[in-house]
Amino acid sequence: MAQQGIQFDRENRSCSVCLDLLKDPVTIPCGHSYCMSCISDCWDEEKDKDTYSCPQCRKTFTQRPVLVKNTILAELVEEVKKVKPQAASPDLPYAGPEDMACDYCSGKRLKALKSCLVCMASYCEQHLQPHYSVALLKKHKLVEATFKLQENICSHHEEVMKIYCRTDHKCICSLCSVDEHKGHDMVSAAAETAEKQKELKVSQQKIQQRVQDRKRDIKVLQQRVEAFNLSADEAVKDSEKTLTELISLIEKICSEVTQQIRSQQKTQVTEATELEEKLQQEITDLRRKDAELEKLSQTEDHLHFLNNYPSLSGLNESTGPLSISVCPLSSFKDVTAAVSKLRDKLQAVLSEDWVKISSAVTKVEVLPPQPEPTTRADFMRYSRSITLDPNTAQKQLLLSDSNKKATQLLVDQLYPSHPDRFILWRQVLSKDGLTGRCYWEVKWSGYIIMAVAYKEISRTGTRDECGFGFNEKSWSLECRSSGHIFRHNNIETAVSGPPSSTIGVYLDHQAGTLSYYRVSDTMTLLHRVQTTFTLPLYSGFWLPDPSGSTAEICELK
């Protein structure tokens, strides 16, 4: 214990400037002690500032204090020198490369526990004790050990910044307040901190309230999703049951038609077989009688001939049908035609009702309707990766860049035959259909027509049948260097404003809106159409100009 006390005395009798035992110790008016040469050197450097300060507490003096050797402290230092310091305990928490070291340890320094914002120094556990026991030091502000103490020192005047300038929104020292910040709105850093703490509490309350609101929103959303999933499961179950019943009904009709056809087939074939047997028997009887007549005709016995002729010469009339060869053959073609007609009617009904079913499905949403985006960042939330379908590309269109770019050429490409391929018009559609909210961007050059269309649009025929925008199955925006034109069902609408080489397309399938934008941070609306979409839409291009025009779907990130 005595050795530990001596070790404590040794470290407390060290100069905070040279970090060694005091040599010719002097005590300045604030109470801190230094080597006479160390404090003299420090003040010599400050002689141009007209003030002198304590290196530890930063207390300033307008006149340079007179330095007088502290004889009592000198004697204590001499006593400490006579005692051999005890070897440092290996268990002490020495400061590592990433730790804040104690400013008062000599030799190998211990890890600092606290930093004092008044002394502007960091202390280990031993050197921190005076801040807990000395009345004056108890008033100092201690914080967790930090490397940022230097940030509290004014870089111009080397003083602690205890003042906050509200005009310039920065911390300053007392000299700054009478220099470049003279006349500014200033308060103490503590007062400004107290004010900011109030604002901070208000902000925290708002944040905490926002957190609670978001938790409530999440709970409501989870409940909606759960209810939505249950509704979807029930809809799938009920739909499968209903459609299974419809399939069973069709299968029943199919079975009954088959049964009736087979039954009629069996009846008619049986009757025909029976008739065939009768006819065969008649042929047999006729051949037998023919043989007997032949034999009778060759007899020379006149009496025998005359006696048997009456019984053999008579021919029974056939009871069988005599018009088989001239009667037209009856067939089941009328049945086949009736079934085909039923199929066509059922297909028409299913197609019409499927549109209603699909529309009803797309109207079911978990979230309430969202407003249309306004910024590009908002639109990007609905970005879709779209690729072009090579099976739809007309042969004079070259697809490249992972089927995102179409270029018009004068030479036919070696595309295989496909029922989805456009034959005459230089058009191409995307591979996947679009529903819900979708956003994509198109970069173009030359003369192109960008479009959305139903997959059912004709691949062969006239421009009104196949051309994007010339029928009720497609909507198009014509892009030229002179401007843009919107077209649907062969009705043109001029689009005002200068042309844009990059067009943003926003589709809200359920709301029935299709919008075109000039792409920028604020997004300028070029044209919007309001309608009702009954089927999934496919993005497409039409490149009518043979001068090498290009259209490319941008890769959005």
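Fair warning: this is a prediction, and the values are worked out from it, not measured in the lab. (Residues numbered from 1 in each chain as written. Predicted model: local features only at pLDDT ≥ 70, side-chain atom pairs only at ≥ 80, totals over all residues. Heavy atoms only, no water.)

Novice: Report on the overall build of the protein, specifying residues and quantitative values.
Specialist: Helix and strand content of the protein: 12 helices and 23 strands. Its C-alpha radius of gyration of 52 Å places the protein more than 25% over the 24 Å reference for a compact globule of 557 residues. Along the three orthogonal principal directions, the C-alpha set of the protein runs to about 190 × 70 × 45 Å. Residues classed as buried in the protein amount to 30% of the 557 residues present. Of all intrachain contacts in the protein linking residues separated by at least 6 positions in sequence, the fraction that spans at least 24 positions is 55%. Counting 70 positive and 75 negative side-chain charges, the protein places the centres of these two groups 7 Å from one another. (Helix = DSSP H or I, 4+ residues; strand = E, 2+ residues; numbered from the N terminus. Rg over C-alpha atoms; globule rule 2.2 N^0.38 Å. Buried < 20%, exposed > 50% of the residue type's maximum accessible area, 1.4 Å probe, protein only. Contact = heavy atoms within 4.5 Å. Lys, Arg positive; Asp, Glu negative; His and termini not counted. Charge placed at Lys NZ, Arg CZ, Asp CG, Glu CD.)

Novice: Report on the UniProt feature "domain: B30.2/SPRY" (unreviewed entry) in the protein, specifying residues and quantitative values.
Specialist: Following the UniProt record, the feature "domain: B30.2/SPRY" (unreviewed entry) maps to residues 366-557 here. The span residues 366-557 is 5% helical and 39% strand by assignment, and the distance between its end C-alpha atoms comes to 26 Å. (UniProt positions renumbered as here; feature names shortened; annotations may be inferred.)

Novice: Lay out the nonpolar core with the relevant residues and their values.
Specialist: Residues Trp 440, Met 450, Leu 514, Tyr 516 and Phe 541 are the most contacted members of the largest nonpolar core, which totals 36 residues. Residue contacts for Leu 514: discarding those within four places in its chain leaves Val 452, Trp 475, Val 505, Tyr 506, Leu 507, His 527, Arg 528, Val 529 and Phe 533. Listed in part, the 17 residues of the second largest apolar core include Leu 21, Val 26, Cys 35 and Cys 38. (Core = buried A, V, L, I, M, F, W, Y, C linked by side-chain atoms within 4.5 Å.)

Novice: Tell me what's going on with the pattern of salt bridges, and back it up with residues and numbers.
Specialist: The tally for this structure, following the rule as stated, stands at 18 salt bridges. Counted as one network, the salt bridges with shared partners bring together Arg 166, Glu 192, Lys 196 and Glu 199. (Salt bridge = Lys/Arg side-chain N within 4 Å of Asp/Glu carboxyl O.)

Novice: Explain empty space enclosed by the protein to me, using residue names and the numbers behind them.
Specialist: Applying the stated criterion to the full structure yields one cavity of 30 Å³ or more. Considered as a void within the structure, the largest cavity measures approximately 40 Å³ in volume. Lining the largest cavity are Trp 440, Val 442, Met 450, Ala 451, Val 452, Val 505, Tyr 516, Ser 539, Gly 540 and Phe 541. Those elements giving two or more residues to the lining of the largest cavity turn out to be β14 (437-445), β15 (448-454) and β22 (537-542). (1 Å grid on protein atoms, 1.4 Å probe; cavity = no way out; pocket = protein on both sides within 12 Å on 5 of 7 lines; lining within 4 Å. Points joined across faces, edges and corners; volume = space filled by probe spheres on them.)

Novice: Provide a residue-level description of the environment of Val 519, including the pertinent values.
Specialist: Along the chain, Val 519 falls in the loop between β20 (513-518) and β21 (524-530). Residues Val 519 and Gly 504 lie 15 residues apart in sequence; the distance between their C-alpha atoms is 5.8 Å. Dropping the residues within four chain positions of it, Val 519 is found in contact with Arg 376, Tyr 439, Glu 441, Ser 500, Thr 502, Ile 503 and Gly 504.

Novice: Explain the sheet that holds strand β16 (residues 474-480) to me, and be specific about the residues and the numbers.
Specialist: Ordered by their spatial adjacency, six strands build an open sheet running β13-β22-β15-β16-β17-β18, and the pairing between neighbours is antiparallel. Edge positions in the sheet fall to β13 (427-429) and β18 (491-495), since each has one partner strand and no second. On average, each strand axis in the sheet is inclined to that of its neighbour by 20°, with strand direction left out of account. Two strands pair when backbone bridges link them, and β13 and β22 are joined in this way by three bridges, in the antiparallel orientation. In the sheet register, Gln 427 faces β22, and the bridge partner there is Trp 542. (Pairing = 2+ DSSP bridges. Axes fitted to C-alpha atoms, helices over the stretch in contact; angles between N-to-C directions.)

Novice: Kindly report on a negative patch on the surface, identifying the contributing residues and their values.
Specialist: A contiguous patch of negative charge, built from Glu 271, Glu 274, Glu 276 and Glu 277, is present on the exposed surface. You can see Glu 274 is positioned in helix α8 (residues 189-297). Look at Glu 274 and you get partly exposed, because its relative accessible area is 45%. (Patch = residues over 30% accessible without salt bridge, like charges linked within 9 Å, V, L, I, M, F, W, Y side chains within 5 Å. Areas by Shrake-Rupley, 256 points an atom, 1.4 Å probe, with all protein chains shown as cover.)

Novice: Go over the sheet that holds strand β8 (residues 163-165) with me, naming the residues and quoting the values.
Specialist: Taken together, three strands build an open sheet; the order of strands is β9-β8-β10 and the sheet is antiparallel. Strands with a single pairing partner mark the edges of an open sheet, and in this sheet they are β9 (170-172) and β10 (186-188). Strand-to-strand twist across the sheet, computed as the mean angle between neighbouring axes with direction ignored, equals 35°.

Novice: Now, about the pairing of strand β11 (residues 397-400): what can you tell me, with residues and values included?
Specialist: Of the two faces of β11, the one lined by Leu 397 and Leu 399 is fully buried and the one lined by Leu 398 and Ser 400 carries no buried residue. As paired elements, β11 and strand β12 (residues 405-408) share four bridges and run antiparallel to each other. Note on β12: the bridge partner recorded for Leu 398 is Thr 407. Linking β11 back to β12 in an antiparallel pair, the connection comprises four residues, with Asp 401 at a positive phi of about 50°.

Novice: Any details on the packing of aromatic side chains? Residues and values, ideally.
Specialist: Across all of its chains, the model carries 14 aromatic pairs by this definition. Relative to Trp 475, the ring of Tyr 454 has its centre 5.6 Å away and its plane inclined at 80°; by these criteria the two rings are edge-to-face. One end of the pair, Tyr 454, is in strand β15; the other, Trp 475, is in strand β16, and 21 residues separate them in sequence. Trp 475 carries the same exposure label as Tyr 454, and that label is buried. Ring centres of Phe 470 and Trp 542 lie 5.9 Å apart, and the angle between their planes is 70°; this geometry places the pair in the edge-to-face category. With Phe 470 in the loop between α12 (463-466) and β16 and Trp 542 in strand β22, this pair connects stretches of sequence that are 72 residues apart. Taking relative accessible area as the criterion, Phe 470 reaches 10% and is therefore assigned buried. Among the aromatic residues, ring-to-ring pairing joins Phe 379, Tyr 382, Tyr 439, Tyr 506 and Tyr 517 into one connected group. The cationic tip of Lys 108 hangs over the ring face of Tyr 94; the distance from NZ or CZ to the ring centre is 4.6 Å. Arg 480 extends its terminal NZ or CZ atom over the ring of Tyr 447, reaching a point 3.7 Å from the ring centre. (Phe/Tyr/Trp six-rings, centres within 6.5 Å; stacked < 30°, edge-to-face > 60°. Lys NZ or Arg CZ within 6 Å of the ring centre and 35° of its normal.)

Novice: I'd like to hear about the confidence of the model for the protein, residue by residue, with values.
Specialist: Scored by pLDDT, the protein has a mean of 86; 92% of the residues are at 70 or more. A low-confidence stretch, residues 1-8 stays under pLDDT 50, and its non-local contacts, those more than four residues away or across chains, total eight contacts. (pLDDT = per-residue confidence, 0-100.)

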